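# A closer look at the structure
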Amino acid sequence: RKEVEQDPGPFNVPEGATVAFNCTYSNSASQSFFWYRQDCRKEPKLLMSVYSSGNEDGRFTAQLNRASQYISLLIRDSKLSDSATYLCVVNKNNNDMRFGAGTRLTVKP
Amino acid sequence: GAGVSQSPSNKVTEKGKDVELRCDPISGHTALYWYRQSLGQGLEFLIYFQGNSAPDKSGLPSDRFSAERTGGSVSTLTIQRTQQEDSAVYLCASSRWRQATYEQYFGPGTRLTVT
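Note that the structure is a prediction, hence the values are computed from the model and not measured.

Next up on the list: the overall build of chain A. The number of helices and strands found in chain A is zero helices and eleven strands. When the helices and strands of chain A are listed from N to C terminus, the series reads β-β-β-β-β-β-β-β-β-β-β. In terms of C-alpha radius of gyration, chain A reaches 13 Å, essentially the compact-globule figure of 13 Å for 109 residues. Based on the C-alpha atoms only, the size of chain A along its principal axes is roughly 40 × 30 × 20 Å. For chain A, with 109 residues in total, the buried portion stands at 49%. The contacts of chain A with a sequence gap of at least 6 include a subset with a gap of at least 24, amounting to 57%. When the accessible area of chain A is evaluated, it comes to approximately 5200 Å², of which 47% is carbon and sulfur surface. Chain A carries 14 positive and 11 negative side-chain charges, and their two centres are separated by 4 Å.

The next thing to look at is the state of the cysteines. Residues and elements named next belong to chain A. On inspection of all chains with the given rule, the structure shows two disulfides over all chains. With a sulfur-sulfur separation of 1.9 Å, cysteine 23 is cross-linked through a disulfide to cysteine 88. Handedness here is read from the sign of the S-S torsion; for cysteine 23 and cysteine 88, about -70°, the answer is left-handed. Residue cysteine 23 is found in strand β3 (residues 19-25), and its partner cysteine 88 is found in strand β9 (residues 84-93); the two are separated by 65 residues along the sequence.

Residue and element names in this part refer to chain B. Within the fold, serine 75 resides in strand β8 (residues 75-79). Side-chain polar atoms of serine 75 contact the backbone oxygen of glutamate 68, separated by 2.9 Å. In this view, serine 75 contacts Leu21, Arg22, Cys23, Leu32, Trp34, Phe49, Glu68 and Arg69; residues no more than four positions away in its chain are not counted.

Now for the interface of chain A and chain B. Each side of the interface is counted separately: chain A has 19 residues, and chain B has 24 residues. For the pairing of chain A and chain B, the buried interface totals around 1700 Å² over both sides, and the portion due to carbon and sulfur atoms is 50%. Between chain A and chain B we count zero salt bridges in total. For the pair chain A and chain B, the interface holds three residue pairs in polar contact (both at pLDDT 80 or more). At the level of secondary structure, the elements contributing two or more residues to the side of chain A that touches chain B comprise β4 (32-38), β5 (45-50), β9 and β10 (96-99) of chain A. Residues belonging to the side of chain A that touches chain B are distributed by class as follows: nine nonpolar, six polar and four charged.

Residue proline 10 of chain A follows glycine 9 of chain A across a cis peptide bond; omega there is 10°. Take proline 10 of chain A: it is sitting in the loop between β1 (4-6) and β2 (11-14). Here the residue pair serine 7 of chain B and proline 8 of chain B is connected by a cis peptide bond, since its omega of -10° sits within 30 degrees of zero. When you line up the elements, proline 8 of chain B lands in the loop between β1 (5-7) and β2 (10-13). In the Ramachandran plot, arginine 41 of chain A falls in the positive-phi region, its phi being about 60° despite a non-glycine side chain. Summarising the element assignment, arginine 41 of chain A is placed in the loop between β4 and β5. Arginine 41 of chain A gets classed as exposed once you look at its relative accessible area, which sits at 58%.

Criteria and thresholds
- Residues numbered from 1 in each chain as written.
- Chains lettered and ligands numbered in written order.
- Predicted model: local features only at pLDDT ≥ 70, side-chain atom pairs only at ≥ 80, totals over all residues.
- Heavy atoms only, no water.
- Helix = DSSP H or I, 4+ residues; strand = E, 2+ residues; numbered from the N terminus.
- Rg over C-alpha atoms; globule rule 2.2 N^0.38 Å.
- Buried < 20%, exposed > 50% of the residue type's maximum accessible area, 1.4 Å probe, protein only.
- Contact = heavy atoms within 4.5 Å.
- Areas by Shrake-Rupley, 256 points an atom, 1.4 Å probe, with all protein chains shown as cover.
- Lys, Arg positive; Asp, Glu negative; His and termini not counted.
- Charge placed at Lys NZ, Arg CZ, Asp CG, Glu CD.
- Disulfide = S-S within 2.5 Å.
- Polar contact = N/O pair within 3.5 Å; in protein donor to acceptor, adjacent residues only side chain to side chain.
- Buried area = accessible area lost by both parts, 1.4 Å probe.
- Salt bridge = Lys/Arg side-chain N within 4 Å of Asp/Glu carboxyl O.
- Nonpolar A, V, L, I, M, F, W, Y, C, P; charged D, E, K, R; others polar.

Structure below.
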């Protein structure tokens, strides 16, 4: 089983739609969690950290469910510029980060 | 401020040659990571450094791959006797401790093509 698993997609949604991605992780001792965004042929960029209580940043909401070992990312009111691959990242311990393979999102006009 | 930088940005080499890829992390970042990404694929973890030591080398694909970090700053990833399957984008990231967690910042990558 992979350490971090994501549905690869692609998710094709119209502008204005709400879309959600899930990510599961295998190591129950994982300490911190992140969502990164990667545009085509670019490096990944931090989108948001995921806190135990859940957190929101504008149209983006991240949730953590430790009992079920998954994290989620919700995007409301999708924009064309949200089209990218979204990477789930799990901090195994100390500074050891593991990436999921990514979920590809395309927002269409 | 300055971000993570990597050099070269592109490298074309012949099969069997050695290559060195360089990463300059953000100043003050204690941890440094190397990943590689093949076209259309996810990130494959290679190695990470905490200071100058590498607690986890398990991701290095073979003994042709090695990495070092000196002075807690610059890191070099060396691939000996390159093979065509080594062609990929090699990404470096560094991280800092912020709000009780680590956040990674990536360089633009080195695109390696082995012919």
